[in-house]
Amino acid sequence: MLRRGSQALRRFSTGRVYFKNQLKLALIGQSLFGQEVYSHLCKEGHRVVGVFTVPDKDGKADPLALAAEKDGTPVFKFPRWRVKGKTIEEVAEAYRSVGAELNVLPFCTQFIPMDVIDSPKHGSIIYHPSILPRHRGASAINWTLIMGDKKAGFSVFWADDGLDTGPILLQRSCDVEPNDTVDALYNRFLFPEGIKAMVEAVQLIADGKAPRIPQPEEGATYEGIQKKENAEISWDQSAEVLHNWIRGHDKVPGAWTEINGQMVTFYGSSLLNSSVPPGEPLEMKGAKKPGLVTKHGLVLFGNDGKALMVRNLQFEDGKMIPASHYFSAGETSVVELTAEEMKVAETIKVIWAGILSNVPVIEDSTDFFKSGASSMDVVRLVEEIRQKCGGLQLQNEDVYMATKFEDFIQKVVRKMRGEDQEEELVVDYTICKVSYASLVDVDKAVAAAKDAFENGEWGRMNARERGRLMYRLADLLEENQEELATIEALDSGAVYTLALKTHIGMSVQTFRYFAGWCDKIQGSTIPINQARPNRNLTFTRKEPLGVCAIIIPWNYPLMMLAWKSAACLAAGNTLVLKPAQVTPLTALKFAELSVKAGFPKGVINIIPGSGGVAGQRLSEHPDIRKLGFTGSTPIGKQIMRSAASNLKKVSLELGGKSPLIIFNDCEIDKAVRMGMGAVFFNKGENCIAAGRLFVEESIHDEFVTRVVEEIKKMKIGDPLDRSTDHGPQNHKAHLEKLLQYCEAGVKEGATLVYGGRQVPRPGFFMEPTVFTDVEDHMYLAKEESFGPIMVISKFQNGDIDGVLLRANNTEYGLASGVFTRDVNKAMYVSEKLEAGTVFINTYNKTDVAAPFGGVKQSGFGKDLGEEALNEYLKTKTVTLEY
């Protein structure tokens, strides 16, 4: 970056150059929020000349101080700024020495004197987590929930001598969800969007464009800090009001009532929309109707007859328990740790010691919070345990419910053993009804796409503007990722955590990747052989095809949409997309977000419907110039026949029976872990799933034993539960097909080692299944299951060419894999395997920049990478004589 005075000269790949105004800033405040604002402002080129924060607590520096000290930014840690109403002169002198042009207060608990506030050239700006003038005061988020507001948000305002009364610079708002807590609202919106807004506000000031909008007094409210003594529950109110009171005080200071003469605090409230489950009555002081301790939590009743449920309870001594355990609290016996569990306990002790750096020795009686830990440290503890203890997934609540080290280890061990799982609440969901596209609807969509391409703004748009729209769409997908992941989990059965990371995460990455390609699509100049003097110029142009149809499957609804539509749009085409009949919802949400991103009318068209009607019409439609399809091989063949009607371009990603070869010189732990992922990832509903495992004879039995041991640890259940490993299959017909597949395997003589049955619970749940002794002629060896079924065949030690012959003895060729420590062997096998992708000592590792597609009856054409663009482009040759 080139600096000129108070401006920075930035160059972008577009070749455009502009000056960005910068300021010298003083950051006054604390917390992780303050740290993030500091880091983002530095990235934008602003110069933070001083950080003023709180002194170290129990030997631990505030996150803002740590970040600034690491960068070499001057850091000042004052316990206070004034005494008896007067500014402390040495504090003020230290502040004036940095020469700030603007004070930025992202989160500050100290009282800053007005002579400091008004000192800089541009004054001071403050972040406040409410839509001012509503909820002035220090507990704004709490009161947003307590008062039942339907909208939450934040304000960045100019500081004045009032209490949160200064002129507004900017504001942002969001909807309050029915069961939002303070933490949920903060983490989902107030924290990430607040950081962006603070950076935006500083830039507006630097550019001289920052408004000063006086706050109206109409609608203004001020609420003080809620204290424990003021948080007692008043029972004669509706269920919704009770719910708002409890969630508005969660986690601090905590809404409470008296039970059996003891103060009991309630956490984790949610409105109960289903029937009240059976339970044991619990009398509470002041409540006209006793609560019910059920296996799901404590049910409370409002004066309107409606109910809510509380998940956790905390007693006066600080101990927190699941509300469902109220009558059995204290009955849990101490478990003896195995040698392996002792290793985990030692690892966790090291993690505690790293967080509680002020504690000399972590003992059994060490209390996490009494030793100085905060809610931010809870997040760090949970994440470090996940990273360093083999992916062990705890919840923040686990820390609050076992604050002493000894109790925490007991809770972790029970969780590892599967003894600490509550029976989940089974809810019958009816999400919505979706329109069913007719032939007329398909024709309308194609006509709209054709008009947008030939006559609309899209066809005239330059490539960089097209890329800007795609970047904006990627940002909107990311901003709505939690909602999209929830929809995907409900619609397809994908586990929420997987949906968030893979289904949605890779969709965002795909749109960003192809957005970058928009202004880099180019032809070439060609010297042609003509009689001299050569006065000819020949060049090629890469041009969009026109209207493209895309038909996607039900296993990765949004990700498959992104893989194809991002390349299609980057190339300049318009599209008509048909989602799978059983999973249309994220495609419809995508359409909504594309409108918000600013895509012109007719560019993106989504038509939910059946393959036999909508899909068939797209295949044969004369105005469609390209069709991209992911699905089964038989349907792919039908599409090719229909596409021949106007010789439209076609790319097909079809079925697979991907072989995974595991040699005896592999890293066995990794082979077991990756082999399971190769089969059971996304419940086995994965086009590149390892359809057949070939395991070398000498390690075959150990491999099978270890796989079964790991399967028994998997949690099968609600895909919205963050601890679930394995959700339901996509739909009933598919589950029935999988059960028939297992029956066929048993009848042909394969050995069913584990599973093969439907899980006895509501929903389309299939047990992870393992077959061994699968011979080459069997149905299991030839046909794809598209489910959580591991098919294992043994091969003789050292027989590399023999196992390659067996692995390639299939009409499919989508993916394949090999595990071995021998690099020469790995490269030889990868060369001989007949597949579009070969994974070596890994599996399922796709990337937006790497082309993806199959050979043989797994189809042709590529998704992802630069090659995918060519699927949606045509080459025109132009020759000029001059």
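Computed from a predicted structure; not experimentally measured.

Conventions adopted
- Residues numbered from 1 in each chain as written.
- Predicted model: local features only at pLDDT ≥ 70, side-chain atom pairs only at ≥ 80, totals over all residues.
- Heavy atoms only, no water.
- Helix = DSSP H or I, 4+ residues; strand = E, 2+ residues; numbered from the N terminus.
- Rg over C-alpha atoms; globule rule 2.2 N^0.38 Å.
- Contact = heavy atoms within 4.5 Å.
- Areas by Shrake-Rupley, 256 points an atom, 1.4 Å probe, with all protein chains shown as cover.
- Buried < 20%, exposed > 50% of the residue type's maximum accessible area, 1.4 Å probe, protein only.
- 1 Å grid on protein atoms, 1.4 Å probe; cavity = no way out; pocket = protein on both sides within 12 Å on 5 of 7 lines; lining within 4 Å.
- Points joined across faces, edges and corners; volume = space filled by probe spheres on them.
- Nonpolar A, V, L, I, M, F, W, Y, C, P; charged D, E, K, R; others polar.
- Pairing = 2+ DSSP bridges.
- Bend = angle between axes of the 7 residues up to and from the residue.
- Salt bridge = Lys/Arg side-chain N within 4 Å of Asp/Glu carboxyl O.
- Axes fitted to C-alpha atoms, helices over the stretch in contact; angles between N-to-C directions.
- Patch = residues over 30% accessible without salt bridge, like charges linked within 9 Å, V, L, I, M, F, W, Y side chains within 5 Å.
- Core = buried A, V, L, I, M, F, W, Y, C linked by side-chain atoms within 4.5 Å.
- Phe/Tyr/Trp six-rings, centres within 6.5 Å; stacked < 30°, edge-to-face > 60°.
- Lys NZ or Arg CZ within 6 Å of the ring centre and 35° of its normal.
- pLDDT = per-residue confidence, 0-100.
- Parallel < 35°, antiparallel > 145°, perpendicular 65-115°, else oblique.

I'd love a proper account of the overall build of the chain, names of residues and values included.
Within the chain, the secondary structure is distributed over 27 helices and 37 strands. Taken against the 2.2 N^0.38 rule, which gives 29 Å for 882 residues, the C-alpha radius of gyration of the chain at 31 Å falls within 12% of a compact globule. Once the C-alpha set of the chain is aligned to its principal axes, its extents read approximately 90 × 80 × 55 Å. Across the chain, contacts joining residues at least 24 apart in sequence account for 68% of those joining residues at least 6 apart. When the accessible surface of the chain is totalled, it reaches about 40200 Å², and 50% of it is carbon and sulfur.

An account of unusual backbone geometry is requested, with residue identities and associated values reported.
Most peptide bonds take the trans configuration, and most residues that are not glycine carry a negative phi. Between leucine 132 and proline 133 the backbone carries a cis peptide bond, its omega angle lying at 15 degrees. Structurally, the position occupied by proline 133 is in the loop between strand E10 (124-128) and helix H5 (140-146). You will see that asparagine 841, though not glycine, has its phi angle at about 55 degrees, which is positive. Assignment of secondary structure puts asparagine 841 in the loop between strand E34 (837-840) and strand E35 (855-856). The exposure class of asparagine 841 is partly exposed, given its relative accessible area of 25%. For lysine 856, which is not a glycine, the phi torsion comes out positive at approximately 55 degrees. By the secondary structure assignment, lysine 856 is in strand E35.

Give a detailed account of empty space enclosed by the protein, specifying residues and quantitative values.
Here the structure, examined in full by the defined rule, presents 3 cavities of 30 Å³ or more. Empty space within the largest cavity amounts to approximately 70 Å³. In terms of residue class, the lining of the largest cavity is made up of 5 nonpolar, 6 polar and 1 charged.

How would you sum up the sheet that holds strand E20 (residues 525-526)? Please name residues and give values.
Within the open sheet, the 3 strands sit side by side as E20-E21-E37. Their pairing is antiparallel. Each having just a single partner strand, E20 and strand E37 (873-881) make up the two edges of the open sheet. In this sheet, E37 lies alongside strand E21 (residues 536-544) in antiparallel orientation, the contact comprising 9 bridges. If you follow arginine 541 over to E37, its bridge partner there is lysine 876.

Tell me what's going on with helix H6 (residues 182-206), and back it up with residues and numbers.
Along an α-helix, residues three or four apart share an orientation, since each turn contains 3.6 residues. Where H6 bends most, the angle comes to about 35 degrees, and this point is leucine 190, followed within four residues by the proline proline 192. Glycine 208 sits one or two positions beyond H6 and adopts a positive phi of about 70 degrees.

Which residues make up the layout of surface pockets, and what values go with them?
Considered as a void within the structure, the second largest pocket measures approximately 880 Å³ in volume. What lines the second largest pocket is a set of 36 residues, and nearest its centre among them are Trp554, Phe629, Gly631, Ser632 and Ile635. When residues of the lining of the second largest pocket are traced back to their parent elements, those giving at least two are helix H19 (611-620), strand E25 (626-630), helix H20 (633-643) and helix H23 (732-747).

Tell me about the pattern of salt bridges, residues and numbers included.
Opposite charge on two side chains allows them to pair when their charged atoms are near. For the coordinates displayed, the defined rule picks out 36 salt bridges. Lysine 77 is paired through a salt bridge with glutamate 69; the nearest N and O atoms lie 3.2 Å apart. The class of lysine 77 is partly exposed, set by a relative accessible area of 27%. The network of salt bridges with shared partners includes Glu483, Lys589, Glu592 and Lys596.

So what's going on with the sheet that holds strand E29 (residues 751-754)? Which residues, and what values?
Spatial ordering of the open sheet is given by E29-E30-E31-E28-E27-E33-E34, a layout of 7 strands whose pairing is mixed. Only two strands of the sheet have a single neighbouring strand rather than two, namely E29 and E34. Recorded for the sheet is a direction-independent mean angle of 25 degrees between the axes of neighbouring strands. One ladder, built from 3 bridges, connects strand E30 (residues 769-772) with strand E31 (residues 789-795); its direction is parallel. By the bridge assignment for E31, phenylalanine 771 is matched with valine 791. Sheet strands in contact with helix H26 (residues 823-832) are strand E27 (658-662), strand E33 (815-819) and E34, and its direction is about 165 degrees off that of E34.

Let's hear about the pairing of E10: which residues, and what values?
In terms of burial, E10 is largely enclosed, as 5 of its 5 residues are buried. Of the two faces of E10, the one carrying Ser124, Ile126 and His128 and the one carrying Ile125 and Tyr127 are both buried. Direction of pairing for strand E9 (residues 102-105) relative to E10: parallel, over a ladder of 3 bridges. What sits directly across from asparagine 103, in E10, is serine 124. Across 4 bridges, E10 lies against strand E11 (residues 151-158) in antiparallel orientation. If you follow tyrosine 127 over to E11, its bridge partner there is valine 156.

Now, about the pairing of strand E18 (residues 307-314): what can you tell me, with residues and values included?
In terms of burial, E18 is largely enclosed, as 7 of its 8 residues are buried. Relative to E18, strand E14 (residues 262-272) runs antiparallel, the two sharing 7 bridges. Paired with serine 270 across the bridge in E18 is methionine 309. Direction of pairing for strand E17 (residues 298-301) relative to E18: antiparallel, over a ladder of 4 bridges. Note that in E18 the partner of leucine 300 across the bridge is leucine 308. Turn length for the E17-E18 hairpin, with the two strands adjacent in sequence and antiparallel, is 5 residues, and the turn residue glycine 305 shows positive phi of about 85 degrees. As judged from the 3 bridges shared by E18 and strand E19 (residues 320-322), these two strands associate in the antiparallel manner. Paired with leucine 313 across the bridge in E19 is isoleucine 321. Taking the residues between adjacent antiparallel strands as the criterion, E18 and E19 are bridged by 5 residues, where glycine 318 takes a positive phi near 95 degrees.

Give me a nonpolar patch on the surface: which residues, what numbers.
On the surface, a nonpolar cluster with roughly 300 Å² of combined accessible area is contributed by Leu537, Leu880 and Tyr882. The class for leucine 880 is partly exposed, based on a relative accessible area of 41%.

So what's going on with the environment of alanine 287? Which residues, and what values?
Among the structural elements, alanine 287 can be located in the loop between strand E15 (280-282) and strand E16 (291-293). Between the C-alpha atoms of alanine 287 and phenylalanine 301, which are 14 residues apart in sequence, the distance is 8.6 Å.

Go over the nonpolar core, please, and point to the residues and values.
With 85 residues, the main nonpolar core has Met470, Phe511, Phe599, Ile662, Leu693, Phe703 and Met790 as its most contacted residues. The element best represented in this core is helix H17 (residues 557-570), accounting for 11 residues.

Can you break down the packing of aromatic side chains residue by residue, with the values?
Scanning the entire structure with this criterion turns up 26 aromatic pairs. Here the aromatic rings of tyrosine 513 and phenylalanine 514 are separated by 5.0 Å at their centres, their planes lie at 85 degrees, and the arrangement is edge-to-face. Residue classification places phenylalanine 514 among the buried positions, given a relative accessible area of 0%. Joined through ring pairs, the aromatic side chains of Phe33, Tyr127, Phe154, Tyr186, Phe189 and Phe191 make up one cluster. It is lysine 289 that lies over the ring of phenylalanine 301; its NZ or CZ is 3.9 Å from the centre. Sitting over the face of the ring of phenylalanine 765, arginine 761 holds its NZ or CZ atom 4.2 Å from the ring centroid.

Could you give an account of the confidence of the model for the chain, naming the residues involved and the relevant values?
Summarising the model, the chain shows a mean pLDDT of 90, and 95% of its residues fall at 70 or more. Note that pLDDT drops below 50 for residues 1-19; the model gives that stretch 37 contacts with residues more than four away or on any other chain.

Go over the packing of helix H16 (residues 496-515) against H17 with me, naming the residues and quoting the values.
At a minimum axis distance of 8 Å, the contact between H16 and H17 shows a crossing angle of 5 degrees. What the angle tells us is that H16 and H17 run roughly parallel. Residue-level contacts link Thr502, His503, Ile504, Met506, Ser507, Thr510, Phe511 and Phe514 of H16 to Pro557, Leu558, Met559, Ala562, Trp563, Ser565, Ala566, Ala567, Leu569 and Ala570 of H17. Residue composition of the contact of H16 with H17, by class: 13 nonpolar, 5 polar and no charged.

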